[in-house]
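Results of the structural survey
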Amino acid sequence: MDEHQWLAEQFEENRGRLRAVAFRMTGSLSEAEDAVQEAWLRLSRAEAEEIDNLGGWLTTVVARVCLDMLRSRKSRREESLDAPDAAGAAPPEPAATHSSDPEHEALLADSVGLALLVVLDRLAPAERLAFVLHDMFDLDFQQIGSIVGRTPTAARQLASRARRRVRGAGTGPEPHPAAHADPDLQKQRRIVDAFLTALRAGDFQALVALLDPDLVVHADVVALPGEVRGAEAWARQAITAAKGAKFARVALVDGAVGAVVAPRGKLFRALRFTFANGRIARIDVVGGPEGLAALDLAVLDDLPVLDD
């Protein structure tokens, strides 16, 4: 077996892990595949005999390529609306790219966690890299520091800061008043889970039972009525136009349990709930770029816990 063939086989053994790292770094399957391909090109030009740890070398290359992608990434394109849904509009169906399978990317995003991908996308590039490599792939801070050009201590601080943001601890300004109206997050989670289940099933009675009769729904989206009052009135509209509910996932939104609508992990809408007496008393539908950018989002589901 010649050296090139041996390298190709070794690379293929590492491809799955490299793509997993790259996807969590970029949130895009096509960009992840581009990063992995770039790693292969660099490996094919490298002096293989000088590489002591091929897996580590490849992970470092992919991470650096992804870091460059994140740093140079332009603001996301605003995607057009095609039909109203319960959150205000149906999110666009995933579009094919030159190197990704939309269905595969959607499944991959869901397996990672749509809410997690949304929150990761709000981190600074170096923070995202440190969190992904340490908390999700258990790389040490010596390696991470060499990738981001920081000391191991500084890399540890990056990961710690990112972890606090991902988990919603010590982030952003004072929590939204919704967090204080009914602070039991477990109770809020049960209500929101039931809300999404009823919405997806088109169960009008179950949905209304979760809403305060005097529900107020406010939207900052031009395509929607600015305000709707009354649980039954809003529920009827929501049931008949709930295309986006399949993309919705629970998340911590401004300190309270809410939901994000995020096809393939790309934030499209956020629902902020105000709870009172065990029901949803108000829903704020946030979809404008400024409104979405101002939200304090965090992951509600359990994440792996690694030492600082």
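**Quick notes on the confidence of the model for the protein**
For the protein, the average pLDDT comes to 83, and 81% of its residues sit at 70 or higher. Across residues 170-175 the pLDDT falls below 50, and counting only partners more than four positions away or on other chains, this stretch makes 8 contacts in the model. Scored below 50 in pLDDT, residues 178-182 shows 15 contacts in the model against residues more than four places distant or in partner chains.

**Brief notes about the sheet that holds strand β7 (residues 297-298)**
Two pairing modes exist for strands in a sheet, parallel and antiparallel, and in both the strands are linked by backbone hydrogen bonds. Here 7 strands make up an open sheet; going across it, the order is β2-β1-β6-β5-β4-β3-β7 and the pairing mixed. Across the chains shown, the open sheet's two edge strands, defined by having one partner strand only, are β2 (227-229) and β7. For strand β4 (residues 256-261) and strand β5 (residues 269-276), the ladder comprises 3 bridges, and the chain directions are antiparallel. Counterpart to Val261 in the pairing with β5 is Arg269. In this fold helix α10 (residues 185-201) packs onto β1 (211-219), β3 (248-253), β4, β5 and β6 (279-286), with an angle of close to 155 degrees to the strand it touches most, β3.

**Quick word on the side chain of Arg128**
Mapped onto the fold, Arg128 is located in helix α6 (residues 125-136). Discounting chain neighbours no more than four positions away, the residues touching Arg128 are Phe23, Arg24, Met25, Thr26, Gly27, Leu70, Arg73, Leu117, Leu120, Asp121 and Leu123.

**Let's talk about the packing of α6 against helix α8 (residues 152-167)**
With their axes 8 Å apart at the nearest point, α6 and α8 run at an angle of 90 degrees to one another. By the angle class used here, α6 and α8 are roughly perpendicular. Contact residues: α6 offers Ala126, Glu127, Ala130, Phe131, His134 and Asp135, while α8 offers Ala155, Leu158, Ala159, Arg161, Ala162, Arg163, Arg165 and Val166. Its residues assigned to classes, the contact of α6 with α8 shows 8 nonpolar, 1 polar and 5 charged.

**Description of the pairing of β6**
Every regular strand shows the same layout, with side chains that alternate between the two sheet faces. Taken across its 8 residues, β6 has 6 buried, putting it largely inside the fold. The sheet contact formed by β5 and β6 spans 7 bridges and is antiparallel. In the sheet register, Phe275 faces β6, and the bridge partner there is Ile280.

**Brief notes about the pairing of β5**
Extensive coverage of β5 is indicated by the burial of 7 of its 8 residues. Count of turn residues in the β5/β6 antiparallel hairpin: 2 residues, of which Asn277 carries a positive phi of about 55 degrees.

**Re the packing of helix α2 (residues 29-45) against helix α3 (residues 54-72)**
Packing of α2 against α3 leaves a shortest axis separation of 9 Å and a crossing angle of 130 degrees. Considered as vectors, α2 and α3 are oriented oblique to each other. Crossing geometry of α2 relative to α3 is assigned as right-handed. Residue-level inspection shows Glu31, Asp34, Ala35, Val36, Glu38, Ala39, Arg42 and Leu43 of α2 in contact with α3, the latter providing Leu54, Trp57, Leu58, Val61, Val62, Val65, Cys66 and Met69. Across the contact of α2 with α3, the residue classes break down as 12 nonpolar, no polar and 4 charged.

**Examining the pattern of salt bridges**
One pass over the structure, following the stated rule, counts 16 salt bridges. The partner of Arg42 in a salt bridge is Glu38, and the shortest N-O contact between them spans 2.9 Å. Of this pair, Arg42 and Glu38 both sit in helix α2, 4 residues apart, roughly one helical turn. Among the residues examined, Arg42 registers a relative accessible area of 33% and is labelled partly exposed. One salt bridge in this structure joins Glu127 and Arg161, with 2.6 Å as the shortest N-O distance. One end of the pair, Glu127, is in helix α6; the other, Arg161, is in helix α8, and 34 residues separate them in sequence. A network of salt bridges, in which partner residues are shared, links Asp254, Arg272, Arg282 and Asp284.

**Concerning the packing of aromatic side chains**
For the structure on display, the rule yields 4 aromatic pairs. On the numbers, 5.3 Å between centres and 55 degrees between planes, the contact of Phe11 with Trp40 is tilted. Of this pair, Phe11 sits in helix α1 (residues 3-26) while Trp40 sits in helix α2, and the two are 29 residues apart along the sequence. Of the residues examined, Phe11 reaches a relative accessible area of 1% and is grouped as buried. Clustering of aromatic rings is evident, with ring pairs tying together Phe195, Trp234, Phe273 and Phe275. Directly above the ring of Phe268 sits Arg269, whose terminal nitrogen or CZ lies 4.3 Å from the centroid.

Basis of the calculations
Residues numbered from 1 in each chain as written. Predicted model: local features only at pLDDT ≥ 70, side-chain atom pairs only at ≥ 80, totals over all residues. Heavy atoms only, no water. pLDDT = per-residue confidence, 0-100. Contact = heavy atoms within 4.5 Å. Pairing = 2+ DSSP bridges. Helix = DSSP H or I, 4+ residues; strand = E, 2+ residues; numbered from the N terminus. Axes fitted to C-alpha atoms, helices over the stretch in contact; angles between N-to-C directions. Parallel < 35°, antiparallel > 145°, perpendicular 65-115°, else oblique. Nonpolar A, V, L, I, M, F, W, Y, C, P; charged D, E, K, R; others polar. Buried < 20%, exposed > 50% of the residue type's maximum accessible area, 1.4 Å probe, protein only. Left-handed = near helix turned anticlockwise from the far one by under 90°. Salt bridge = Lys/Arg side-chain N within 4 Å of Asp/Glu carboxyl O. Phe/Tyr/Trp six-rings, centres within 6.5 Å; stacked < 30°, edge-to-face > 60°. Lys NZ or Arg CZ within 6 Å of the ring centre and 35° of its normal.

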